[in-house]
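What follows is the residue order along each chain.
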Amino acid sequence: MKILLAITHKQVKKLGLCFLILLFYSCIPLRIAPKIEGDKIVQAKKFKKDLPNCYGFVFEDKKKADEFYNFINTKYNLKHSNVDSNVPIVINKKTFYMSFFERERISKTLNLLPIVVDAGLQTKGNDPIFEDNYTSRDGYWYIVISVRDAEIKDCLDPNHPEQAIVIKHLKKIKDEYFSTTNYVEAYLKMK
């Protein structure tokens, strides 16, 4: 019986030690940014609360800030007028109105090791040294595009009769955006 208790006691010590190691090296996710491979149709308001209540064509923007703005401005020759809202696009000889939004979503984690080390330092009367490392933050930028028809109906709504052709066109715009470095090329391709 004593041997069984000794083994169990050793196992508990090892388990406790493993738990402490995991605790010290772990991070607790507080907020997780979505990882979108390619593109996705989402309800814009659920994706980011400040967006309109419509469906959106979303993709991760790996280029610098305002690159998509510059791309659309040049492609449609908008001269910096209403570039991000109600841009007329023609698909199969029918005019639609595209709006886009650049939004950041962040992943935020709570790092336990710096908190525990600083707590130990403070109990000994020292100042904390890892305060700036209690949380980690990584952000991703996304482009959210909405499209309306002449009757102001949401063209990305699954019930819209032209949803498929609009999505196909938006995929072409996205692909052109990522493959183009000189936005004058995009303007010349449109002509």
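Residues numbered from 1 in each chain as written. Predicted model: local features only at pLDDT ≥ 70, side-chain atom pairs only at ≥ 80, totals over all residues. Heavy atoms only, no water.

- Labelled according to an unreviewed UniProt entry, the chain appears under the name Lipoprotein, originating from Flavobacterium erciyesense.

Topic: the environment of Ser 107
Reasoning step 1: With respect to the element layout, Ser 107 can be found in strand β5 (residues 94-111).
Reasoning step 2: A residue is classified by how much of its surface remains accessible, and Ser 107, at 17% relative accessible area, is buried.
Reasoning step 3: Linking Ser 107 and Asp 138, residues 31 residues apart in sequence, is a C-alpha distance of 5.2 Å. (Helix = DSSP H or I, 4+ residues; strand = E, 2+ residues; numbered from the N terminus. Buried < 20%, exposed > 50% of the residue type's maximum accessible area, 1.4 Å probe, protein only.)

A look at helix α5 (residues 163-179)
Helical geometry: 3.6 residues make up each α-helical turn, so side chains three or four residues apart lie on a common side.
Reasoning step 1: Counted at 1.5 Å a residue, the expected span for α5 with its 17 residues is 24 Å, and the 24 Å between its end C-alpha atoms agrees.
Reasoning step 2: Taken as a whole, α5 has its buried residues at Gln 163, Val 166, Ile 167, His 169, Leu 170, Ile 173, Lys 174, Glu 176 and Tyr 177. (Expected span 1.5 Å × (residues − 1).)

A few points about a nonpolar patch on the surface
Reasoning step 1: A surface patch of nonpolar side chains, about 250 Å² in accessible area, is lined by Val 117, Ile 129 and Phe 130.
Reasoning step 2: Judged by relative accessible area, Phe 130 falls into the partly exposed class, the value being 30%. (Patch = residues over 30% accessible without salt bridge, like charges linked within 9 Å, V, L, I, M, F, W, Y side chains within 5 Å. Areas by Shrake-Rupley, 256 points an atom, 1.4 Å probe, with all protein chains shown as cover. Salt bridge = Lys/Arg side-chain N within 4 Å of Asp/Glu carboxyl O.)

Considering unusual backbone geometry
Reasoning step 1: One non-glycine residue, Asn 77, lies in the positive phi region at around 50 degrees.
Reasoning step 2: Relative to the helices and strands, Asn 77 resides in the loop between α3 (67-75) and β4 (87-91).
Reasoning step 3: In this structure Asn 77 comes out as partly exposed when scored by relative accessible area, which is 36%.
Reasoning step 4: One non-glycine residue, Ile 152, adopts positive backbone phi at about 65 degrees.
Reasoning step 5: Within the secondary structure, Ile 152 is located in the loop between β6 (135-148) and α5.
Reasoning step 6: Residue classification places Ile 152 among the exposed residues on the basis of a relative accessible area of 63%.

Notes on the nonpolar core
Reasoning step 1: Of all hydrophobic cores here, the largest spans 24 residues; its most connected members are Phe 68, Ile 72, Met 98, Ile 145 and Leu 170.
Reasoning step 2: At the level of elements, β3 (55-60), α3, β4, β5, β6 and α5 are the ones that each hand at least two residues to this core.
Reasoning step 3: Sort the elements by how many residues they give to this core and α5 lands first, with five residues.
Reasoning step 4: Not counting the four nearest positions on each side in its chain, Phe 68 is found in contact with Phe 59, Asp 61, Phe 100, Glu 102, Ile 143, Ile 145, Ile 173 and Tyr 177.
Reasoning step 5: Ranked by size, the runner-up nonpolar core spans ten residues in total, among them Ile 36, Val 42, Ala 44 and Val 144. (Core = buried A, V, L, I, M, F, W, Y, C linked by side-chain atoms within 4.5 Å. Contact = heavy atoms within 4.5 Å.)

Considerations on the pattern of salt bridges
Reasoning step 1: Per the counting criterion, the structure on display carries six salt bridges.
Reasoning step 2: Close ionic contact of Arg 103 with Asp 50 constitutes a salt bridge, the shortest N to O distance being 3.0 Å. Taken as a pair, Arg 103 in strand β5 and Asp 50 in the loop between α2 (44-47) and β3 lie far apart in primary sequence, 53 residues in all.
Reasoning step 3: For Glu 176, the salt bridge identified is with Lys 75, shortest N-O distance 2.9 Å. With a gap of 101 residues between them, Glu 176 in helix α5 and Lys 75 in helix α3 connect regions that are remote in the sequence. Neither Glu 176 nor Lys 75 differs from the other in exposure class; each is buried.

Brief notes about the pairing of β4
The side chains of a regular strand alternate between the sheet's two faces.
Reasoning step 1: What you see with β4 is a clean split: Val 87, Ile 89 and Ile 91 sit on the buried side and Pro 88 and Val 90 on the side with no burial.
Reasoning step 2: Pairing analysis gives five bridges linking β4 to β5, with the strands arranged antiparallel. From the neighbouring strand, Val 87 faces β5, where its bridge partner is Met 98.
Reasoning step 3: Adjacent in sequence and paired antiparallel, β4 and β5 are bridged by two residues, among which Asn 92 carries a positive phi angle near 50 degrees. (Pairing = 2+ DSSP bridges.)

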